[in-house]
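Read off the chains here:
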Amino acid sequence: MTTETKAAELLHLRGQTLAKGDPIAPPITLASMYHLPGTPGGVPGYGRAEQPTWEATEHLLSHLEEAPALLFPSGMGAISAALFATLKAGDRLLVPCDGYYNVRKLGDEFLKGLGVEVVERPTKGFAEGGFEGFAVVFIETPSNPGLDLIDLVATCAAVRRAGGLTVVDNTTMTPLGQRPLDLGADVVVASDTKAPGGHSDNLMGHVASRNAALMERVRTWRTVAGGIPGPFEAWLLHRSLETLHLRFAAMCANAEALAPRLAAHPAISTCRYPGLPDDPSHNLASAQMATNGFLIGLTLADEASAERFIDSCPFLRPATSFGGVHSSAERRARWGDAVAPGFVRLSVGTEPVEPLWAALEEALDGV
Ligand SMILES: *Cc1c(COP(=O)(O)O)cnc(C)c1O
């Protein structure tokens, strides 16, 4: 199915199930208890296990992923569920050392103590050393914030041959930009706090997989661990998903137009964007991604220049996180990421591109 067809269908998924008089938008169901006489089953029983508003949002997410999807109250909620559902004492887990840092923290502070050996490797050269003996290989591509790529087809096949499972964090690309399950991944996890939510007002995440037994364990984890989405927050994500294709296309087109101009600016020493023909990620990005995304990595001379650039640009919000309609930027070294002090992660928003470029250029001229 093309991305266009999928986006068109998404807008009518609910509509095609409605009876006369039903609201076009899904209602927000606030319920811990449901009317449940006699034998339970087949209907919602209790609010920690079943929730009609989650199901409305999961319906859209499954459509986007072309796989069953389960909703979580954050990206980390989804990642924790995927790892707790797949790992046990004695297992080995491989994670990237340059990916989202809370995954490593979850490994170090919790999984290790439960008997899981956690091994870290850089995204660049991830396959070196092979995948023998790993129960789960956690992949993030493009990596955040470095924007290096992992070859999904080759890596997922190698992990499968070695008897392990792959869990791919697809946050930076969304299901419209990259399709890990089609490229061989067992499980996709994502933070829908980013572009899928897109308005910087909601946290949410999901797990998707075509492995039914594994999804049943993820569902059980959610029910027994008890970290569940609120109905209003689930509804907000439902609303956002209806415009994801518009926002994502605008953000990626903006990034595509801005990257070469940023790369050519004298205040910038390095510009990482997979869409640039000379970027180290370019060929692999063309092979496995539908677009080049909306994140750009910029290296300025030093911390002070980077901070001046971010603070003086009227169309940049100085904020952590990414994927919102408002362009935002931050110096990742402030969180201890292994990047240069002048490295800025730029998340390109949906502003019309020429005014956005004029503001970025003026701020860069002034550093
Ligand atoms: C933000 C992010 C997460 C965590 O998501 P939350 O919704 O903040 O819990 C996980 N992975 C990546 C790549 C992220 O960018």
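Residues numbered from 1 in each chain as written. Predicted model: local features only at pLDDT ≥ 70, side-chain atom pairs only at ≥ 80, totals over all residues. Heavy atoms only, no water.

**So, the domain arrangement of the protein chain**
Domain boundaries assigned for the protein chain yield domain 1 (3-241) and domain 2 (244-365). Between domain 1 and domain 2, the C-alpha centre-to-centre distance is 26 Å. In this complex, domain 1 contributes 33 residues to the contact, which on the side of domain 2 involves 30 residues. Considering only the surface of domain 1 that becomes buried against domain 2, Pro 145, Leu 147 and Leu 149 emerge as the three largest contributors, covering 24% of it. Linking domain 1 with domain 2 are one salt bridge, by the criterion used here. (Domains from an automatic or database assignment. Contact = heavy atoms within 4.5 Å. Buried area = accessible area lost by both parts, 1.4 Å probe. Salt bridge = Lys/Arg side-chain N within 4 Å of Asp/Glu carboxyl O.)

**Focus: the packing of helix α3 (residues 75-86) against helix α4 (residues 101-111)**
The contact between α3 and α4 brings their axes to 11 Å, and the two run at 50 degrees. Comparing their axes, α4 and α3 come out oblique. At the point where α3 passes α4, the crossing takes the right-handed sense. Contact residues: Met 76, Ile 79, Ser 80, Leu 83 and Phe 84 in α3; Asn 102, Val 103, Leu 106 and Leu 111 in α4. (Axes fitted to C-alpha atoms, helices over the stretch in contact; angles between N-to-C directions. Helix = DSSP H or I, 4+ residues; strand = E, 2+ residues; numbered from the N terminus. Parallel < 35°, antiparallel > 145°, perpendicular 65-115°, else oblique. Left-handed = near helix turned anticlockwise from the far one by under 90°.)

**So, the packing of aromatic side chains**
Enumeration over the complete set of coordinates arrives at six aromatic pairs. Note on Phe 126 and Phe 131: the rings are 6.1 Å apart at their centroids and 45 degrees apart in plane angle, and the pair reads as tilted. Like Phe 131, Phe 126 is buried. Seen from their ring centres, Phe 294 and Phe 322 are 6.2 Å apart, and the 45 degrees between their planes marks the pair as tilted. You can see Phe 294 sitting in the loop between α10 (282-288) and β9 (295-300) and its partner Phe 322 sitting in the loop between β10 (317-318) and β11 (328-331), a full 28 residues away along the chain. The same class applies to Phe 294 and to Phe 322, which are both buried. Taken together through their ring pairs, the aromatic side chains of Phe 248, Phe 294 and Phe 322 make up a single cluster. Note that Arg 92 overlies the ring of Phe 134, its terminal NZ or CZ placed 4.3 Å from the centroid. Cation over ring: Arg 222 sits above Phe 72, and NZ or CZ is 5.8 Å from the ring centre. (Phe/Tyr/Trp six-rings, centres within 6.5 Å; stacked < 30°, edge-to-face > 60°. Buried < 20%, exposed > 50% of the residue type's maximum accessible area, 1.4 Å probe, protein only. Lys NZ or Arg CZ within 6 Å of the ring centre and 35° of its normal.)

**Here's the deal with the sheet that holds strand β4 (residues 136-140)**
In spatial order, the strands read β1-β7-β6-β5-β4-β2-β3; together these seven strands make up an open sheet with mixed pairing. At either margin of the open sheet sits one strand with a lone partner, and together these are β1 (69-72) and β3 (117-121). On average, each strand axis in the sheet is tilted by 20 degrees relative to the strand beside it, whichever way the strands run. In the sheet, β4 pairs with strand β5 (residues 165-169) via five bridges, with the strands oriented parallel. Paired with Phe 138 across the two strands is Val 167, which belongs to β5. Docked against the sheet, helix α2 (residues 52-65) engages β1, β6 (187-191) and β7 (205-209), running at close to 130 degrees with respect to β1. (Pairing = 2+ DSSP bridges.)

**Re the site of the ligand**
Not every one of the 13 residues close to the ligand is listed here, only the nearest: Gly 75, Asp 169, Ser 191, Thr 193 and Lys 194. One of the backbone N or O atoms of Gly 75 is found 2.8 Å from an oxygen atom in the ligand. Here an oxygen atom of the ligand and a side-chain polar atom of Ser 191 are 2.8 Å apart. When residues of the shell around the ligand are assigned to their parent elements, the largest contribution, three residues, is made by α3. Of the residues assigned to the shell around the ligand, the class counts are four nonpolar, six polar and three charged. (Near = heavy atom within 4 Å. Polar contact = N/O pair within 3.5 Å; in protein donor to acceptor, adjacent residues only side chain to side chain. Nonpolar A, V, L, I, M, F, W, Y, C, P; charged D, E, K, R; others polar.)

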